[in-house]
Amino acid sequence: MQLQDGLEQGAKPYRLMKPVTLHEFKTFAARKRVVTIENQQVDIGNNWKITEFGPPKEYVPEVHTVWSFPNRGNWATHVGNYRGNWSPYVPRNLILKYTNPDDVVLDQMVGSGTTLVECKLLGRNAVGVDINRDAIMVALDRLNFSYNPVNLGHPEDLKIRTYVGDARNLNLIEDDSIDLIATHPPYTGIIAYTNSRVEGDLSSQKLAGYLKEMRVVAEEAFRVLKHNKCCAVLIGDTRKHLHYVPISARILEVFLDAGFLLKEDIIKLQWKTKTTREKWRGKKYEFYKIAHEHLYVFRKPAEGEKLSPLKYSKKWHEESLDN
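About the cut-offs
Residues numbered from 1 in each chain as written. Predicted model: local features only at pLDDT ≥ 70, side-chain atom pairs only at ≥ 80, totals over all residues. Heavy atoms only, no water. 1 Å grid on protein atoms, 1.4 Å probe; cavity = no way out; pocket = protein on both sides within 12 Å on 5 of 7 lines; lining within 4 Å. Points joined across faces, edges and corners; volume = space filled by probe spheres on them. Nonpolar A, V, L, I, M, F, W, Y, C, P; charged D, E, K, R; others polar. Salt bridge = Lys/Arg side-chain N within 4 Å of Asp/Glu carboxyl O. Helix = DSSP H or I, 4+ residues; strand = E, 2+ residues; numbered from the N terminus. Buried < 20%, exposed > 50% of the residue type's maximum accessible area, 1.4 Å probe, protein only. Pairing = 2+ DSSP bridges. Contact = heavy atoms within 4.5 Å. Axes fitted to C-alpha atoms, helices over the stretch in contact; angles between N-to-C directions.

Q: Where do I start with empty space enclosed by the protein in this structure?
A: Regions of empty space are outlined by a rolling probe, equal in size to a water molecule, passed over the atoms. One pass over the full model with this rule turns up 2 cavities of 30 Å³ or more. Looking at the second largest cavity, its volume works out to about 50 Å³. Residue lining of the second largest cavity: Arg-72, Thr-77, His-78, Val-79, Asn-85, Ser-112, Gly-113, Thr-114, Val-117 and Arg-142, and that is the complete set. Considered class by class, the residues forming the lining of the second largest cavity number 2 nonpolar, 6 polar and 2 charged.

What follows is the structure in structure tokens.
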């Protein structure tokens, strides 16, 4: 039985995944050439003229735990006009580090599709989910380009699937089926992506409700990820009443509570952020401007793995730390 908003009776109280095809995108884009994300208009139905399909040839993948990309990356269809989307260097590094060609990558808060574009370029199958249908249309627009790789290891039957859905209910994804999760969730209500137009949008939540729902996101991520595979989450912090609000530390706790192990904590430096440019420009303040994010790389334990040697990298219990 189907209920309003696509929920099944007795199912999880979140929106079900609904596939969105390239044909549906083309029909949508033929009548609506612009969508609104937060308060910014983003063009779709673009006729992409691509000159580069990857970063500069001299670029070497990251090897340290501090990442800095002053030039965010504009190869293929990567465009910085979708506020809050991550630099393509981030998913590129994660995909190259933690997957092989023909693996399956999930971004369950896919936004403008940066992760999916990198999967297409690097020969990985991908699943992209977003609660905002307009975001999925932007992602499909940026996937709508021809690419004939010279790499002989690039799969010929690559599958990139897009869905309107909720990261808290990945009902069309089987248990233990994903090789890498790479996602960039909203930082509570810092950027109101839909301005409350879409029910269930986590960017409309205040911190307490946001953390509660992110716990469900973490549990669902743990369910779909294969054992001994990685889940990467880029998350930042904020400031209120002149004091630091460590959203990232709370998210770290949420994912550890779900059963993940912390494999890496990478500091990603921020460049040219909208708030820094517009709100804090040219004045002195009695605090330091936030200019970093945390890229947590979690690992789902292998089946039967002995975790006692990793007690400092898993869910925290004071009694376990004493031993």
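Q: Would you mind showing me how to read the pattern of salt bridges here?
A: For side chains of opposite charge, pairing can occur when their charged atoms come near one another. If you walk through the whole model with that rule in mind, you get 10 salt bridges. For the salt bridge of Lys-300 with Asp-176, the shortest nitrogen-to-oxygen distance reads 2.6 Å. Here Lys-300 is found in the loop between β13 (292-299) and α8 (318-321), whereas its partner Asp-176 is found in the loop between β7 (160-164) and β8 (178-183), with 124 residues between them in sequence. Among the salt bridges present, the one from Arg-223 reaches Glu-220, with a minimum N-O distance of 2.9 Å. Taken together, the residues Arg-223 and Glu-220, both in helix α5 (residues 207-224) and 3 residues apart, mark about one turn of the helix. Given the relative accessible area of 22%, Arg-223 is considered partly exposed. Exposure remark for Glu-220: the relative accessible area of 3% places this residue in the buried category. Bridged by salt links that share partners, the residues Asp-166, Arg-168 and Glu-213 form one connected network.

Q: Just checking my understanding: could you explain the sheet that holds strand β6 (residues 125-130) for this structure?
A: Each strand in a sheet pairs with another by means of backbone hydrogen bonds, the pair being arranged parallel or else antiparallel. On the basis of which strands lie adjacent, the open sheet formed by 9 strands has the order β1-β7-β6-β5-β8-β9-β13-β12-β4 and mixed pairing. On the outer flanks of this sheet lie β1 (18-19) and β4 (66-67), each paired with one strand and no other. Note that β4 and strand β12 (residues 261-269) share 2 bridges and pair parallel. Within the sheet, the bridge partner assigned to Trp-67 lies in β12 and is Lys-268. The sheet strands contacting helix α2 (residues 89-98) are β4, β8, β9 (225-235), β12 and β13, and the helix crosses β8 at an angle near 160°.

Q: Any chance you could explain the layout of surface pockets here in plain terms?
A: Its boundaries defined by the atoms lining it, the second largest pocket holds a volume of some 300 Å³. Along the wall of the second largest pocket there are 13 residues; nearest its centre are Leu-140, Leu-143, Lys-159, Ile-160 and Arg-161. Looking at the lining of the second largest pocket, the elements that each hand over two or more residues are α4 (133-143) and β7. Ranked by residue count, the leading element in the lining of the second largest pocket is β7, at 3 residues. Grouping the constituent residues of the lining of the second largest pocket by class yields 7 nonpolar, 3 polar and 3 charged.

Q: Explanation requested: the environment of Lys-268 in the structure shown.
A: Within the secondary structure layout, Lys-268 lies in strand β12. Given the relative accessible area of 10%, Lys-268 is considered buried. Sequence spacing of Lys-268 and Leu-234 is 34 residues, and the spatial spacing of their C-alpha atoms is 8.6 Å. If we ignore the near neighbours within four places in the chain, the residues touching Lys-268 are Trp-67, Val-90, Leu-234, Ala-291, His-292 and Glu-293.

Q: Looking at this structure, how should I read unusual backbone geometry?
A: Generally, phi is negative for residues other than glycine and the peptide bonds are trans, each holding for most cases. In this structure, Ala-76 is a non-glycine residue whose phi angle is positive, near 50°. Tracing the backbone shows Ala-76 in the loop between β4 and α2. Positive phi is not limited to glycine here, since Leu-242 has a value of about 70°. The residue Leu-242 is located in the loop between β10 (238-240) and β11 (243-245) in this model.

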